[in-house]
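Coordinates in review
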Amino acid sequence: YSYRILNDYGFFGSQTGETMIPGLVQAALGDDINFVNNSWASNYEIDDLPKSSISSQMPAELTAWQRAVSGGMVMVWAAGNDGENNVSVRAGLPYHFSNLKRGWLAVVAAGPDGRETRYTNRCGLSADWCLTAPGGGDNSGRDGIYSVKSGGGYTRKSGTSMAAPHVAGGLAVLMQAFPGLTAQQAAARLLNSAHFEGLATIDGCTIDSCAASRMREVFGRGKMDLEAALSPQGQLQLGGGARRWPAAASRLI
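Residues numbered from 1 in each chain as written. Predicted model: local features only at pLDDT ≥ 70, side-chain atom pairs only at ≥ 80, totals over all residues. Heavy atoms only, no water.

What to know about the packing of aromatic side chains
Ring pairs (aromatic) are described by centroid distance and by the angle formed between their planes. Heads up, the condition is: Whether two aromatic rings pair depends on their centres lying within 6.5 Å, for rings of Phe, Tyr and Trp, where Trp uses its six-membered ring; planes under 30 degrees apart make the pair stacked, over 60 edge-to-face, and the rest tilted. Helix and strand definitions follow DSSP, with helices as H or I runs of at least four residues and strands as E runs of at least two, each counted in order from the N terminus. Throughout this description, buried means an accessible area under 20% of the type-specific maximum (1.4 Å probe, protein chains only), exposed means over 50%, and partly exposed covers the range between.
Within the structure shown, the criterion is met by 6 aromatic pairs. Taken together, a centroid distance of 5.8 Å and an interplanar angle of 85 degrees make the contact between Trp65 and Trp104 edge-to-face. Placement of Trp65 in helix H3 (residues 59–70) and of Trp104 in strand E3 (residues 104–110) is noted, with a sequence separation of 39 residues between them. A single burial state applies to Trp65 and to Trp104, both of which are buried. Ring pairing ties together the aromatic residues Trp40, Trp65, Trp77 and Trp104, which thus form one cluster.

Below is the structure:
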């Protein structure tokens, strides 16, 4: 499904959001949608606006997002492409509104070699609900994500808007593999299985050479690892006496 967020002139603004976003959420809940990929972002980062400004400028939009999360949905967000230390304001909303956190995933981009790109915003204050995924390199014509283009054919593009759909796709794979998972449980599983191995900051920090806190500022919970997310997490022991068996039902998290 795709949902409209732009006005008749192709723009999105605060008042447009007050109309379009409640409609999007209402439609998605009615269509029984589990998660929504949002490959769009604000020019503001989450630390640019105080909670009071967000509440006063986008009350209907904020209420709609809260209704979506209460309804079990997950919102996947592109972090933004301004090279800032924090994600865009919508990707970072749980920083001010903690009841959104269980249904929120912000996504920053790494290049094909696992290095932080120059364009990507960093996870920053949103590290707890932030993942890193392939977004294409700084030379998009050479290292961009290969994808379809409007009007037909294929092209290469780089950006956190290319990284976010990798995470949305990861949610889809998890929910297909484990039908008993809710969308929010699948999101938690992606976060819990992410790691810093193979990632490097622009200035060369890796998990082996720098503190984990430094890596979290840039990459959040780390690189999405779908293979790890599909593997059993934890172990449930069944049986009695001296003989015990590990449970095979890895959908229990």
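From this point, the narrative continues.
Focus on the side chain of Thr160
The condition is simple: Whether two residues are in contact is decided by their heavy atoms: any pair within 4.5 Å suffices.
For Thr160, the location among the structural elements is in helix H5 (residues 160–177). For Thr160, a relative accessible area of 1% gives the class buried. Discounting residues that sit within four places of it in the chain, Thr160 has contacts with Ala78, Ala79, Gly80, Asn81, Val107, Val108, Ala109, Tyr119 and Thr120.

What about the packing of H5 against helix H6 (residues 183–193)?
What counts here: To obtain each axis, a line is fitted to C-alpha atoms, and for helices this fit is confined to the stretch in contact; angles are then taken between N-to-C directions over 0 to 180 degrees. These descriptions rest on fixed angle ranges, namely under 35 degrees for roughly parallel, over 145 for roughly antiparallel, 65 to 115 for roughly perpendicular, and the rest for oblique. Crossing chirality is assigned from the near helix's rotation relative to the far helix, an anticlockwise turn below a right angle marking it left-handed and a clockwise turn marking it right-handed. Charged residues are taken to be Asp, Glu, Lys and Arg, nonpolar residues to be Ala, Val, Leu, Ile, Met, Phe, Trp, Tyr, Cys and Pro, and polar residues to be all remaining types, Gly included.
Two elements in contact, H5 and H6, have axes separated by 9 Å at closest approach and are oriented at 115 degrees. With respect to each other, H5 and H6 are oriented roughly perpendicular. Both H5 and H6 take part in a crossing whose hand is right-handed. Listed contacts from H6 to Val167, Gly170, Leu171, Leu174 and Met175 of H5 are Ala183, Ala186, Ala187, Arg189 and Leu190. Grouping the amino acids of the contact of H5 with H6 by side-chain chemistry returns 8 nonpolar, 1 polar and 1 charged.

Re the state of the cysteines
Note the following rule: Note on terminology: pairs of cysteine sulfur atoms within 2.5 Å are recorded as disulfides.
A full pass over the atoms with the stated rule returns 2 disulfides. Covalent S-S linkage joins Cys205 and Cys210, the inter-sulfur distance amounting to 2.0 Å. Judged by the torsion about the S-S bond (-70 degrees), the Cys205/Cys210 disulfide is left-handed. You can call Cys210 partly exposed: its relative accessible area is 22%. For the protein, the disulfide bridges join cysteines in the arrangement 1-2, 3-4, where the cysteines are counted in sequence order.

A look at the pairing of strand E4 (residues 130–134)
Here is the rule we go by: Pairing between strands is defined by DSSP: at least two bridges between them are needed.
Burial analysis of E4 places 4 of its 5 residues in the buried class, which makes it a mostly covered element. Pairing of E3 with E4, which is carried by 5 bridges, proceeds in the parallel orientation. Bridge assignment links Ala106 to a residue of E4, and that residue is Cys130.

Side note on the pattern of salt bridges
Note the following rule: Take a side-chain nitrogen of Lys or Arg and a carboxyl oxygen of Asp or Glu: if they are within 4 Å of each other, that pair is a salt bridge.
One pass over the structure, following the stated rule, counts 8 salt bridges. For Arg142, the salt bridge is made with Asp143, and the minimal N-O distance between the two is 2.9 Å. Given the relative accessible area of 24%, Asp143 is considered partly exposed. Of the charged contacts, one joins Arg214 and Asp203 as a salt bridge, the two residues approaching to 3.1 Å between their closest N and O atoms. Of this pair, Arg214 sits in helix H7 (residues 212–219) while Asp203 is found in the loop between H6 and H7, placing the two residues 11 residues apart along the sequence.

Regarding the nonpolar core
Rule in force here: Residues belong to a common nonpolar core when they are buried Ala, Val, Leu, Ile, Met, Phe, Trp, Tyr or Cys residues joined through side-chain atoms within 4.5 Å.
Ile54, Trp65, Met75, Leu93, Leu100 and Trp104 are the most contacted members of the largest nonpolar core, which totals 33 residues. Residue assignment for this core shows that the elements contributing at least two residues are helix H1 (14–30), H3, strand E2 (74–78) and E3. Sorting elements by how many residues they give to this core places H3 first, with 5 residues. If sequence neighbours within four positions are ignored, Ile54 has contacts with Ile46, Leu49, Pro59, Val89, Leu93, His96 and Phe97. With 26 residues, the next largest nonpolar core counts Val76, Ala168, Phe178 and Met224 among its residues.

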